[in-house]
Amino acid sequence: MDGDKRKTNWIYLIGVVLIVFLGVEDILLILQNRKLKSALTPPPLVLVKPGEKVGAFRVQMLDGRFDQLTYVDTVEKYLLFVLSTKCPHCHRTLQQWNEIENNSNNHRCRIIGVSSSDFDQTVKYSDSTNLRFELVTIADTAFYRKYKVYAYPETILIDSKGVVESAWGGELSEKDVGDIEGRIGGGKRF
């Protein structure tokens, strides 16, 4: 009987130790899960802000020549569609960008697609898609820092003095398209 009591005590003790061990392990796994979630959560999208001045940048036209995109023209505004040829979100946004270009009917805004992909990829992309706007490639790596481009797609509206009026990150909603069309009042190709 005394042996049965010792056996029961050992079983009880092992059960308590096992429950404590599993409880501690659960707590450690919860903490590790929180740490992994915070590491995998992307940082908030940082866009260039209205009122910020952005400078000129060098581009390569699809005919191969290089040019400088500056904000000193007599045109009132510039609408930049910043994209990557490999970005599925950019590809889905093409419909909205084309719609904006189609609905612009005066010459108060230059509409320019700015590709972060290399020249050859951009030319192939332009040939394989139904773009309604002019497309150029970035030939100035400072563009990303100056314009705070960290993700694609981005749509940036700039006035004739190089001051950002507004910026939209990600795929455009119908409300965004209406807002952009209301702000530009029409467009002109680059």
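First, a word on scope: everything that follows refers to the structure included in this document. (Residues numbered from 1 in each chain as written. Predicted model: local features only at pLDDT ≥ 70, side-chain atom pairs only at ≥ 80, totals over all residues. Heavy atoms only, no water.)

## Describing the pattern of salt bridges
Summed over the entire model, instances satisfying the criterion amount to seven salt bridges. With a shortest N-O distance of 3.0 Å, glutamate 171 and arginine 92 are connected by a salt bridge. Within this pair, whereas glutamate 171 is found in the loop between β7 (164-169) and α5 (174-184), its partner arginine 92 is found in helix α2 (residues 88-103), the two being separated by 79 residues in sequence. Taking relative accessible area as the criterion, arginine 92 reaches 44% and is therefore assigned partly exposed. The salt bridge partner of lysine 146 is aspartate 140, with a shortest N-O separation of 3.8 Å. Classification of aspartate 140 as buried rests on a relative accessible area of 19%. Connected via shared salt-bridge partners are Asp63, Arg65 and Asp67. (Salt bridge = Lys/Arg side-chain N within 4 Å of Asp/Glu carboxyl O. Helix = DSSP H or I, 4+ residues; strand = E, 2+ residues; numbered from the N terminus. Buried < 20%, exposed > 50% of the residue type's maximum accessible area, 1.4 Å probe, protein only.)

## Points about the packing of α2 against α5
Across the interface, α2 lies against α5 with an axial gap of 10 Å and an inter-helix angle of 30 degrees. Put simply, α2 runs roughly parallel to α5. Taken as a pair, α2 and α5 cross one another with a handedness that is right-handed. When α2 is examined against α5, the residues Gln96, Glu99, Ile100 and Asn103 are found in contact with a partner set consisting of Glu174, Val177, Ile180, Glu181 and Ile184. Each residue belonging to the contact of α2 with α5 can be placed in one class, and the counts come to four nonpolar, two polar and three charged. (Axes fitted to C-alpha atoms, helices over the stretch in contact; angles between N-to-C directions. Parallel < 35°, antiparallel > 145°, perpendicular 65-115°, else oblique. Left-handed = near helix turned anticlockwise from the far one by under 90°. Contact = heavy atoms within 4.5 Å. Nonpolar A, V, L, I, M, F, W, Y, C, P; charged D, E, K, R; others polar.)

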